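One-letter residues, chain by chain:
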Amino acid sequence: HKKRQGRLPPGPPALLFIAKFLALRRRSALGLGPLLRGLHARYGPVVAVRLLGTTRVFVADIKLAHRVLVKGGATFADRPPLAEPAGLFNSGTRGISNAPYGSYWGLVRRNLAAQALHPSRDACFAPARRHARDALVRDLLGHGRDGAAAVALRPLFRRALFELLLHMTLGVKLGPEMLDEIQELQQHIVRAISGFPFFSFPAITKRLFRQRWARYVALRRRQEEIFLPLIHARRDDRATDEEDPPCYADSLLSLRISAEGGRPLTDAEVVSLCSEFLNGAADTTLTAVEWIMAELVNHPDMQSKVYEEVNRADRLELDDDQSMPYLKAVVLEGLRLHPPTNILIPHAAYGDGAEIDGYAVPKGTEVHFLVSNFGRDETVWTAAMEFRPERFLDGGEGHGVDVTGTREIKMIPFGAGRRMCPAYRLGMLHVEYFVGSLVRELEWLPAAEGEVVDMAEELDFTTVMKHPLRARVVPRTT
Ligand code: HEM
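Residues numbered from 1 in each chain as written. Predicted model: local features only at pLDDT ≥ 70, side-chain atom pairs only at ≥ 80, totals over all residues.

- As annotated in an unreviewed UniProt entry, the protein carries the name Cytochrome P450 and comes from Brachypodium distachyon.
- According to the UniProt record, the Cofactor (unreviewed entry) comment for the protein is "heme".
- Heading Subcellular location (unreviewed entry) of the UniProt record for the protein holds this comment: "Membrane". (UniProt positions renumbered as here; feature names shortened; annotations may be inferred.)

What about the overall build of the protein?
Move 1: When helices and strands are tallied, the protein shows 17 helices and twelve strands.
Move 2: Since a compact globule built from 478 residues should have a radius of gyration of about 23 Å, the 22 Å found for the protein is in line with a globular shape.
Move 3: In terms of principal-axis extent, the alpha carbons of the protein reach across some 65 × 55 × 40 Å.
Move 4: Across the 478 residues that make up the protein, the buried fraction comes to 42%.
Move 5: Excluding contacts between residues fewer than 6 apart, the proportion of contacts in the protein whose partners are at least 24 apart in sequence is 73%. (Helix = DSSP H or I, 4+ residues; strand = E, 2+ residues; numbered from the N terminus. Rg over C-alpha atoms; globule rule 2.2 N^0.38 Å. Buried ≥ 20, exposed ≤ 12 C-beta atoms within 10 Å, placed from the backbone. Contact = placed C-beta atoms within 7 Å.)

A look at the site of the ligand
Move 1: For the ligand, the set of nearby residues contains 25 residues, the closest of which are Gly280, Ala281, Gly415, Cys421 and Gly427.
Move 2: The element best represented in the shell around the ligand is helix α13 (residues 267-298), accounting for seven residues.
Move 3: Within the shell around the ligand, the residues separate by chemical class into 15 nonpolar, seven polar and three charged. (Near = placed C-beta within 6 Å. Nonpolar A, V, L, I, M, F, W, Y, C, P; charged D, E, K, R; others polar.)

Notes on unusual backbone geometry
Move 1: Cis geometry is found at the peptide bond from Glu84 to Pro85, where omega equals 5°.
Move 2: Unlike most non-glycine residues, Ser91 shows phi in positive territory, near 50°.
Move 3: With phi around 55°, Asp357 is a residue other than glycine that occupies positive phi space.
Move 4: If you trace the backbone, Asp357 turns up in the loop between β6 (353-356) and β7 (359-362).
Move 5: Residue classification places Asp357 among the partly exposed residues on the basis of 16 C-beta atoms within 10 Å.

Focus: helix α14 (residues 300-312)
Move 1: Under the 1.5 Å per step criterion, the end-to-end length of α14 is 18 Å for 13 residues, consistent within 8% with the ideal 18 Å.
Move 2: Along α14, the residues that are buried comprise Met302, Val306, Tyr307 and Val310. Down the axis of α14, the buried set is contained in an arc of 140°. They therefore lie on one face. In α14, the exposed residues that point more than 90 degrees away from the buried face are Asp301, Glu308, Asn311 and Arg312.
Move 3: Tucked inside the fold, the buried residues of α14 contact α13, α15 (325-337) and α17 (424-441). (Expected span 1.5 Å × (residues − 1). Arc of directions from axis to C-beta.)

Points about the nonpolar core
Move 1: By size, the foremost hydrophobic cluster in this structure holds 110 residues, and its most contacted members are Val59, Cys274, Met293 and Val435.
Move 2: At 17 residues, the largest contribution of residues to this core is made by α13.
Move 3: With residues up to four places along the chain from it excluded, the contact list for Val435 reads Val289, Ile292, Met293, Leu327, Val330 and Val331.
Move 4: In this structure, Val190, Ile193, Tyr216 and Phe461 belong to the second largest nonpolar core, which totals seven residues. (Core = buried A, V, L, I, M, F, W, Y, C linked by C-beta atoms within 7 Å.)

Let's talk about the pairing of strand β1 (residues 46-51)
Move 1: As paired elements, β1 and strand β2 (residues 54-59) share six bridges and run antiparallel to each other. Within β2, the residue paired with Val49 across the bridge is Arg56.
Move 2: Here β1 hands over to β2 after two residues, with Leu52 in that stretch at a positive phi of 50°. (Pairing = 2+ DSSP bridges.)

Focus: the environment of Cys124
Move 1: Tracing the backbone shows Cys124 in helix α6 (residues 120-124).
Move 2: Here Cys124 falls in the partly exposed class, since 16 other C-beta atoms lie within 10 Å of it.
Move 3: Linking Cys124 and Asp244, residues 120 residues apart in sequence, is a C-alpha distance of 8.6 Å.

Regarding the sheet that holds β1
Move 1: With respect to topology, three strands assemble into an open sheet ordered β1-β2-β8, the strand pairing being mixed. Strand pairing shows two members of the sheet lacking a second neighbour, β1 and β8 (366-369), which therefore form its edges. Averaged over neighbouring strand pairs, the angle between their axes works out to 25° when direction is ignored.
Move 2: Note that β2 and β8 share four bridges and pair parallel. If you follow Phe58 over to β8, its bridge partner there is His368.
Move 3: Packed onto the sheet, helix α3 (residues 62-71) meets β1, β2 and β8 and runs at close to 120° relative to β2. (Axes fitted to C-alpha atoms, helices over the stretch in contact; angles between N-to-C directions.)

Points about the UniProt feature "binding site: heme" (unreviewed entry) in the protein
Move 1: Sequence positions flagged by UniProt for "binding site: heme" (unreviewed entry) are, in local numbering, Cys421.
Move 2: What makes Cys421 buried here is the crowd of 22 C-beta atoms within 10 Å.
Move 3: What Cys421 contacts, discounting residues up to four positions off in sequence, is Phe414, Gly415 and Gly427.

Looking at the confidence of the model for the protein
Move 1: Overall, the prediction assigns the protein a mean pLDDT of 90, with 91% of residues at 70 or greater.
Move 2: Listed scores for the predicted complex are pTM 0.94 and ipTM 0.99. (pLDDT = per-residue confidence, 0-100.)

Thoughts on helix α7 (residues 126-143)
Move 1: Here α7 contains 18 residues, and its C-alpha end-to-end distance of 26 Å stays within 8% of the 26 Å for a straight helix at 1.5 Å per residue.
Move 2: All of the buried residues along α7 are Arg129, Ala132, Arg133, Leu136 and Leu140. The buried residues of α7 occupy one face: seen down the axis, they fall within an arc of 100°.
Move 3: At its buried positions, α7 is contacted by β3 (151-152), α8 (153-170), α17, β9 (442-446) and β12 (470-475).

Some thoughts on the sheet that holds β3
Remark on secondary structure: sheet strands pair via backbone hydrogen bonds, oriented parallel or antiparallel.
Move 1: One open sheet accounts for three strands, arranged β3-β12-β9; its pairing is antiparallel. Both edges of this open sheet fall to β3 and β9, since each of them pairs with a single strand only.
Move 2: Note that β9 and β12 share five bridges and pair antiparallel. Across the sheet, the residue bridging to Trp444 is Val473, located in β12.
Move 3: Across the sheet, α13 touches β9 and β12, and the angle it forms with β9 is around 70°.

Right, dumping it as structure tokens:
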């Protein structure tokens, strides 16, 4: 450690790294996974890469990650400076996920946890969940002609999920056209934020990529045009009832920022926070459910076990953790083997810099954690690349696993420590609800008799299936 003091972690020369990255032809800057695995094998568990003017440090070791994220408290709870166009879509850094560690972040994060994510809201939105599920089952059967043709889950599920999420965020039930426009808009925004960092040097690149920048500005304008009337309608008509439970926007409209003279949030800040809710909840849930359903198509024996369990339960509201252990095990195994996010949102040292494993991590450095490596670590998990839900049942190595990583890190699909996903409970609830419902209502069969679903990965905003799941779905008769 003495030798390392003041030195950056080891890593490859920037040009070599860029050449290798470009050779991978990834659509997104997040598509670094395979390249990083090679770098860690060569340089050790902490690697530094200098890219486009920013130093990026990658941590691939579970114990080290626990020391940094959990035991280190607030040491790495900050976020690095935000590059455009993320700033454009977040009113600067006014989202929970990108706000600097401090009082504003604490306020908006606490508001989300205490209001929209409060466990009492689960029951309020049960009818909206059922509505989304029924619409999805109807669409799947319609498109798949009751099992006669294979149907793609992703687009139909995305639409049903957005319907539910818009109800939770803006308190609205929208018609199909508006629903489709919003989900497409949000998808473009996610792509823009997570794509190649064209605007790392904004003074020059905003001119160089003028048309691209103009497209992003137009996207944001359209988002405000759609969201603001819906948000203002909530301000004008605040009486909520069983049909119309309080939504996330309601809580944002009531919020006052004490550190800034008790002012309310601006319209732009409310739009950004609502957009963050939609983006944080949509692709993650969608990806997790798609991977799990693909595994269940490939493992009909496991699908039958889930069916037996959910069919016995009189309702699928999942407020009782103990009632469906096999479904829970299937979901945990899905999140272990196919965590939706390949790496966490970048962390940064709070204050003037800190150190990791004796190496210096200066202020402004991006620190990344390779979530997918953790769940597939052969020193922790037996046959780590195999889908084996049984490992989470009584007596298995994953039984009682702590997904928050507080005691120790074995898998952290939601991150760990102070910046951990505030919605992990809701995320789990949605994944369990949709997997359980889709198996209870439908039997899932390969697209063609005897075909095995291809489980190749592609790195987008989340780690998606390279060949999206297509399956035949048949209504359950008993
Ligand atoms: C299966 C579902 C989900 C998964 C796998 C997931 C995963 C994650 C991960 C890995 C992080 C980064 C943690 C870090 O940087 O250390 C995160 C942060 C975050 N997630 Fe989620 N998430 C899910 C659902 C949701 C939902 C439903 C919401 C909606 C409110 C949400 C909102 C957020 C926010 C606001 C943050 C930023 C936290 C902060 O910086 O303080 N997520 N999530």
